[in-house]
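# Examination of the molecular architecture
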Amino acid sequence: MDDDRDLLHRARDGARELVHVAREGDTNGVFDALRKLTGDEGIVGSDTRMIVGQLVSASAQMMLLRVGNAPPDVTYAVDLRDEEEFAVPIDELEPPLRATVRALLAELNGRPDEAGFQLDLALSEQTVPTTLDVVVHSLLWTIGLLEWCEAEAQPVPSWLSVESCN
């Protein structure tokens, strides 16, 4: 039980550090921080999987806050757009990104086991470029939602706030 708490605490610390580095605009620092956080295991290991899981979970929490009170039987979906604002079907995404989006949807729809399965799929390729793609997208979603929360004076997940570092 204590081991699970330690793992969760470490994953949240890692996620918070990546968000902090990325928000400062240090794109090279994100890779360096991820390498430091994952240590000997490397960025394609289980530590990264746990960090991404916390980013996806935090994003889902903030998205649900943004939606407000929804009927209990609602099913959430996403509207994906490319750079020119054209709709992109989820099945046209690269498999790791598609699985990451599906993990977010699973979290939004109260299916954490499915979210975990999708994150395992997203990171199954175990290559640095693929892993970084998943991490960066998860970070961008989290940062965008944090900025919305700040602009709207809405609470963020307590573990993700700057004050939780102190």
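We now turn to the structure provided with this report. (Residues numbered from 1 in each chain as written. Predicted model: local features only at pLDDT ≥ 70, side-chain atom pairs only at ≥ 80, totals over all residues. Heavy atoms only, no water.)

### A look at helix 3 (residues 46-67)
With 22 residues, helix 3 should reach 32 Å at 1.5 Å per residue; the first-to-last C-alpha distance of 31 Å fits that figure. Immediately beyond the C-terminal end of helix 3, within one or two residues, lies Gly68, with a positive phi of roughly 85 degrees. (Helix = DSSP H or I, 4+ residues; strand = E, 2+ residues; numbered from the N terminus. Expected span 1.5 Å × (residues − 1).)

### What about the nonpolar core?
Judged by nonpolar contacts, the single largest core of 40 residues is most densely connected at Leu18, Val19, Met62, Leu139 and Leu160. Within the residue set of this core, elements represented by two or more residues are helix 1 (2-23), helix 2 (27-38), helix 3, helix 4 (95-108), helix 5 (112-122) and helix 6 (128-151). (Core = buried A, V, L, I, M, F, W, Y, C linked by side-chain atoms within 4.5 Å. Buried < 20%, exposed > 50% of the residue type's maximum accessible area, 1.4 Å probe, protein only.)

### Concerning the packing of helix 4 against helix 5
Where helix 4 contacts helix 5, the axes come no closer than 8 Å and their chain directions differ by 170 degrees. Considering the angle they form, helix 4 stands roughly antiparallel to helix 5. Judged by the sense of rotation from one axis to the other, the crossing of helix 4 with helix 5 is left-handed. When helix 4 is examined against helix 5, the residues Pro96, Ala99, Thr100, Arg102, Ala103, Ala106 and Glu107 are found in contact with a partner set consisting of Pro112, Glu114, Ala115, Gln118, Leu119, Leu121 and Ala122. Class assignment for the residues of the contact of helix 4 with helix 5 results in 9 nonpolar, 2 polar and 3 charged. (Axes fitted to C-alpha atoms, helices over the stretch in contact; angles between N-to-C directions. Parallel < 35°, antiparallel > 145°, perpendicular 65-115°, else oblique. Left-handed = near helix turned anticlockwise from the far one by under 90°. Contact = heavy atoms within 4.5 Å. Nonpolar A, V, L, I, M, F, W, Y, C, P; charged D, E, K, R; others polar.)

### Section: the pattern of salt bridges
Going through the model one piece at a time under the given rule, you end up with 8 salt bridges. The salt bridge involving Arg23 is made with Glu150; its shortest N-O contact spans 2.7 Å. Of this pair, Arg23 sits in helix 1 while Glu150 sits in helix 6, placing them 127 residues apart in sequence. Residues Asp91 and Arg102 are paired through a salt bridge, measuring 2.8 Å at the closest nitrogen-oxygen approach. Residue Asp91 is found in the loop between helix 3 and helix 4, and its partner Arg102 is found in helix 4; the two are separated by 11 residues along the sequence. The exposure class of Arg102 is partly exposed, given its relative accessible area of 31%. (Salt bridge = Lys/Arg side-chain N within 4 Å of Asp/Glu carboxyl O.)

Honestly, it's all geometry; don't read function into it.
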